[in-house]
Amino acid sequence: MIKDIIKLAPIALLALSACGGGGTVNNGNAEDRFVDSVVNSLSLKHKIGQLNQVTAVGVEEMEKLAAEGMMGSILNETNLDNLHRIQKAAVDNPPHIPVLISRDVIHGYKTIFPIPLGQAASFDPELVRQGSEISAIEAASDGIRWTFAPMLDIARDPRWGRIAEGYGEDAYLTSVMGAAAVKGYQGDDLSKETSIAACAKHFVGYGAATAGRDYNSTFIPMRLLRNVYLPPFRAAAQAGCATYMSSFNDNDGVPSTGNKLILTDILRNEWKFDGFVVSDWFSVGEMINHGFAADMKDAAEKAINAGLDMDMVANAYKDYLETLVSEGKVSESKITEACKNVVRIKYRLGLFQNPYPTVSQDVKYAPEHLEAALHAAEQSAVMLKNNGALPLKNVKKILLCGPMADAPHDQLGTWVFDGEKSHTITPLAAFKEAGYDVTYVAGLTYSRDSNTSKFAEVTRAAKSADAIIFVGGEESILSGEAHCLSNLNLQGAQSELLETLKKTGKPVVAVIMAGRPLTITDDIKNTDAILYMFHPGTMGGNALVNLVAGKVTPSGKLPASFPKNAGQIPVYYNQNNTGRPASGNEILLDDIPAEAGQTSLGCTSYMLDTGFGPLYPFGYGLSYTEFAFSDFSVNKTEFSGENDEIKVSFTIKNTGNYEGAEVAQLYVRDLVGSITRPIKELKGFKKVYLQKGEQQNVEITVPLSSLKFYGLDDKEILEKGEFEVWIATSSANEDIKWKTKITVK
Ligand code: GLC
């Protein structure tokens, strides 16, 4: 009982005594008792103080806010002395509740990992977990105990710059990677000094911004929300994610920050989430811009009553909640509940016992962290083309060129505040370090550079080279928040440079570092091999050298479909069949005879100038070696009840000349449903690493519950009927290795 609380820490005892004890104490477990005891005895003002997140301002002002108990959390303060002063002010003064220190640690703190879209391409959840764990360890050494990651927004539109921050277009892959990230950040024990609270964001539907323009309205109907956009957030709740962040967008007229349906009815009442929800940056106040709130006071009322617990930097709660309670527009119990949600996470983090950081500064850029980042960059690279130029053979002299070949800042990618470019290993540094005879002529100095005056020098340098490595793509500023593009071709004169390189007659290996799929359709012909590294992070250069040298075989698979051109967007693999499904890929436009008959080109869901299907499909990626699949079997063909399981077994053999890894993907199709269902959906995958000649028996198990969907009455159902089941190495039909039909009885 009370002894549990005394054991917690003097600060908690102090908190209790300072709050005068009192209030009805929940007779639940120690956590409930502690949270109830701390919160029930707070003044209304101090309850509201816990719901206020402040951004870094002058240390005196921050110290004052903390001492007054009006700072539940702070973000973007990284000066350790300031943080100590702030925390001391909070714990030494009533109500003695520690401040929750937060920061965006999206794909690394000091050691920077590939952007999340790149990590998704690894199809290796353990790699994502490990990267998040390392990020947490390094961030915790600077007192950060809460980060705003993983970003779980499904993105089917690469014009949207924030596709870089998520795990791509597929709900299942995003769910698996998101859960892995939560486990990485939070560990098995959130109170461990190196664990930090994760934040599932942006809740919900933010990636469906109309026209791929950031912050734009979304119009996601309930069934699509349930079946595509919500599942990754549900998976995060099941993984124990401590916090959620409401998204900027208004979906079908309701801003997420004031949307009771998602913040309370679904997140709390259906998913039983007991952490807390923070708004996005000033998104409480932005409900005025949306025309959803008349003023800041109205916005505060709408947000708290919808179930938003913490106000990020709008000061709406701090300035108006007390008045709203006195006017009877907001009940104090609502504020009490929100405060308990915040204090509960602080309790789980062990902040009451250990409000100050104890992790050594030595963890930053630790060798094992850099090694993990190297592994992640190697595994995240997707080989899109290779006509034999890779791995490099009998290559001594390399011409290295392109705007990203020595771009230590841009190589890190978007959302990097604390990683230092001085630690970046660029391709130039890595090729030199590896002992290659490298001639470096950038040709272009940054990705948007259109100055072709150096191309002649590139051509001259190519004469003596055995192979050319072009490293292009996009500067980091061109993806991420508020950085959307209507044209996804290579920026500047990069395509012209590739044309120039092609004319030299030397093998051209094109390496693309980007925050999104780019429409490299017209560049392909000017390359002999293409390695897509997304933004690979601190160790990208070493990873590239290991990959092109054949020390590591490319094994990444695309987490998002690559459109042929921006006009084709949205293009994604798990689309519906439509009443007139298209197929084939030929471009009809150039072969249409004059006065062609009205229906002579067929009447299917097709683009005359682009054909059907993406440039590269979801799940696609090449290897240096070959894999043979055999001995397929499925445990049975008739199933019933959601606890049943589909088990597909098979053998994979590495029949080529290099070690490598293949990603076996399991797709299903619900052939007839009470609503139209996608032509295929990823429901399982396994990345299998094999030495040359090695084979492995593999089993992929799919719970029948994963075939459920939300149907006509917004109920999640498992419908009887026939399903097709595939094992494939991409979402494209030509990569199907085996298929069968099963029946749900
Ligand atoms: C930003 C982003 C969000 C981020 C937050 C704090 O506007 O939308 O992803 O975590 O503000 O920096």
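The structure reproduced in this document is the subject of the present report. Because the structure is a prediction, the values reported are computed rather than measured.

## Digging into the site of the ligand
If you check the shell around the ligand, you find 13 residues, and the closest are Asp104, Arg162, Lys201, His202 and Asp280. Contact between the ligand and Arg162: an oxygen atom at 2.8 Å from a side-chain N or O atom of the residue. Lys201 has a polar side-chain atom sitting 2.8 Å from an oxygen atom of the ligand. When isolated, the ligand has an accessible area of 310 Å², and the protein chains bury 94% of it. Here the residues of the shell around the ligand are counted per class, giving seven nonpolar, one polar and five charged.

## Things to note about the sheet that holds strand E21 (residues 681-690)
Judged by pairing direction, the sheet is mixed, and its five strands sit side by side in the order E18-E26-E25-E20-E21 without closing on themselves. On the outer flanks of this sheet lie strand E18 (638-639) and E21, each paired with one strand and no other. Here two bridges tie E18 to strand E26 (residues 736-744), and the two strands are oriented parallel to one another. By the bridge assignment for E26, Glu638 is matched with Thr743.

## Here's the deal with the pairing of strand E5 (residues 199-203)
Across the five residues of E5, five count as buried, placing the element largely inside the fold. By the bridge criterion, three bridges tie E5 to strand E6 (residues 243-246) in an arrangement that is parallel. Among the inter-strand pairings, Cys199 is bridged to a residue of E6, identified as Thr243.

## Quick notes on the side chain of Ser195
Tracing the backbone shows Ser195 in the loop between helix H9 (171-186) and E5. A residue is classified by how much of its surface remains accessible, and Ser195, at 3% relative accessible area, is buried. A polar contact of 3.1 Å, which involves the side chain of Ser195, links it to the backbone oxygen of Gln186. When residues no more than four places from it in sequence are discounted, the contact partners of Ser195 are Arg145, Tyr185, Gln186, Gly187, Asp189, Leu190 and Leu349.

## Concerning the packing of helix H17 (residues 367-380) against helix H21 (residues 540-548)
Axis separation between H17 and H21 bottoms out at 8 Å; the angle between their running directions is 55°. By the angle between their directions, the pair H17 and H21 is classed as oblique. Note that H17 runs across H21; the crossing there is right-handed. Contact residues: Leu374, Ala377 and Glu378 in H17; Gly540, Asn542, Ala543, Asn546 and Leu547 in H21. Counted by class, the contact of H17 with H21 contains four nonpolar, three polar and one charged residues.

## A short note on the pattern of salt bridges
All chains considered together, the criterion is met by 39 salt bridges. Of the charged contacts in the structure, one is a salt bridge between Arg348 and Asp274, with a shortest N-O distance of 2.6 Å. Remark: Asp274 occurs in the loop between helix H12 (260-270) and strand E9 (276-278) and Arg348 occurs in helix H16 (residues 332-348); sequence separation between them is 74 residues. Take Arg348: its relative accessible area is 24%, and that puts it in the partly exposed class. Salt-bridge contacts for Glu327 lead to Lys297; the nearest nitrogen and oxygen are separated by 2.7 Å. With Glu327 in the loop between helix H15 (316-326) and H16 and Lys297 in helix H14 (residues 296-306), the pair connects residues that are 30 residues apart, well separated along the chain. Assessed through its relative accessible area of 38%, Glu327 is described here as partly exposed. Connected through salt bridges with shared partners, the residues Glu31, Asp274, Arg344 and Arg348 form a single ionic network.

## Overview of the packing of aromatic side chains
For the coordinates displayed, the defined rule picks out 28 aromatic pairs. Geometrically, the ring pair formed by Trp160 and Tyr206 is edge-to-face, given 5.1 Å between the ring centres and 85° between the ring planes. Here Tyr206 lies in the loop between E5 and helix H10 (222-229) and Trp160 lies in the loop between strand E4 (146-147) and H9, a separation of 46 residues in the sequence. Here Trp160 and Tyr206 have matching classes, each one buried. An aromatic cluster is present here, built from Phe123, Tyr172, Tyr573, Phe618, Tyr667 and Phe685 joined pairwise through their rings. Directly above the aromatic system of Trp415 lies the positively charged group of Lys201, at a separation of 5.3 Å from the ring centroid. Directly above the ring of Phe709 sits Arg677, whose terminal nitrogen or CZ lies 4.0 Å from the centroid.

## Looking at helix H5 (residues 59-67)
Taken together, the buried positions of H5 are occupied by Val59, Met62, Leu65 and Ala66. Around the axis of H5, the buried residues are gathered within 125° of arc, so they sit on the same side. Counted as exposed and oriented over 90 degrees from the buried face of H5: Glu60 and Lys64. Here the buried face of H5 lies against strand E1 (52-55), strand E2 (73-75), helix H6 (80-92) and H15. Positive backbone phi, at 75°, marks Gly69, one or two positions downstream of H5.

## Quick word on the side chain of Lys564
Mapping Lys564 onto the fold places it in the loop between H21 and strand E17 (627-634). One buried charged residue, Lys564, forms no salt bridge at all, with the nearest opposite charge on Glu586 at 8.8 Å. One polar contact links the side chain of Lys564 to the main-chain carbonyl oxygen of Thr610, over a distance of 2.7 Å. Leaving out residues up to four positions away in the same chain, Lys564 has contacts with Thr519, Thr521, Asn585, Thr610, Gly611, Phe612, Gly613, Pro614 and Leu615.

## Here we look at the layout of surface pockets
Over the atoms rolls a probe the size of a water molecule, and its path tells where empty space is left. In this structure, the second largest pocket encloses a volume near 930 Å³. What lines the second largest pocket is a set of 36 residues, among which Gln575, Phe612, Gly613, Pro614 and Ile679 lie closest to the centre. Grouping the constituent residues of the lining of the second largest pocket by class yields 17 nonpolar, 14 polar and five charged.

## Looking at empty space enclosed by the protein
Applying the stated criterion across every chain, the model contains three cavities of 30 Å³ or more. A volume near 80 Å³ is recorded for the largest cavity. Along its surface, the largest cavity is lined by 13 residues, and Ile106, Pro116, Ser132, Tyr167 and Tyr185 are the ones closest to its centre. Those elements giving two or more residues to the lining of the largest cavity turn out to be helix H7 (116-121) and helix H8 (125-140). The greatest single-element share of the lining of the largest cavity, amounting to three residues, is contributed by H8. The volume enclosed by the second largest cavity comes to roughly 40 Å³. Gln50, Ala66, Gly69, Met70, Met71, Ala90, Pro95, His96, Ile97 and Val99 together form the lining of the second largest cavity.

Rules and cut-offs
- Per chain, the residues get numbers from 1 upward, laid out in the order the sequence is written.
- Two thresholds apply to this predicted model, a pLDDT of at least 70 for residue-level local features and 80 or more for giving and counting side-chain atom pairs, whereas whole-chain, interface and lining totals are computed over all residues.
- Just so you know, side-chain values use all the structure's heavy atoms and leave hydrogens and water out.
- If a single non-hydrogen atom of a residue is within 4 Å of a molecule or strand, that residue counts as near it.
- For the purposes of these results, a polar contact is taken to be a pair of N or O atoms within 3.5 Å, where, inside protein, one atom must be able to donate a hydrogen and its partner to accept one; residues adjacent in sequence count only when each atom of the pair is a side-chain atom.
- The Shrake-Rupley method, run with a 1.4 Å probe, gives the accessible areas here. Residue values count only the displayed protein chains as cover.
- Under the convention adopted here, Pro, Cys and the residues Ala, Val, Leu, Ile, Met, Phe, Trp and Tyr are nonpolar, Asp, Glu, Lys and Arg are charged, and Gly plus all remaining residues are polar.
- Two strands pair if DSSP finds at least two bridges between them.
- Going along the chain from the N terminus, every DSSP run of H or I of four or more residues is numbered as a helix, and every run of E of two or more is numbered as a strand.
- When a residue's accessible area, from a 1.4 Å probe over protein chains only, is under 20% of the maximum for its type it is buried; when over 50% it is exposed; and in between it is partly exposed.
- In what follows, residue pairs with any heavy atoms lying within 4.5 Å of each other are defined as contacts.
- Axis lines are fitted through C-alpha atoms, for helices just across the contact stretch, and the angle between N-to-C directions can take any value from 0 to 180 degrees.
- Oblique is the label for any angle not covered by the other classes, which are roughly parallel (under 35 degrees), roughly antiparallel (over 145) and roughly perpendicular (65 to 115).
- Two helices crossing with the near one rotated counterclockwise from the far one by less than a right angle form a left-handed crossing, whereas a clockwise rotation gives a right-handed crossing.
- Salt bridge, as used here, is a side-chain nitrogen of Lys or Arg placed within 4 Å of a carboxyl oxygen of Asp or Glu.
- Ring pairs are drawn from Phe, Tyr and Trp, using the six-membered ring of Trp, whenever the two centres fall within 6.5 Å, and their geometry is named by plane angle: stacked under 30 degrees, edge-to-face over 60, tilted for the rest.
- Each ring is checked for a lysine NZ or an arginine CZ that lies within 6 Å of its centre and within 35 degrees of its normal; such an atom marks a charge sitting over the ring.
- The arc under discussion is defined with respect to the helix axis, by the directions toward the C-beta atoms.
- Counted as positive: Lys and Arg. Counted as negative: Asp and Glu. His and the chain ends are not counted at all.
- Using protein atoms alone on a 1 Å grid, points that fit a 1.4 Å probe yet trap it form a cavity, whereas open point sets bounded by protein on both sides within 12 Å along at least five of seven lines form a pocket; residues with an atom within 4 Å of a point count as lining.
- Grid points are joined across faces, edges and corners, and a volume is the space filled by probe spheres set on the points.

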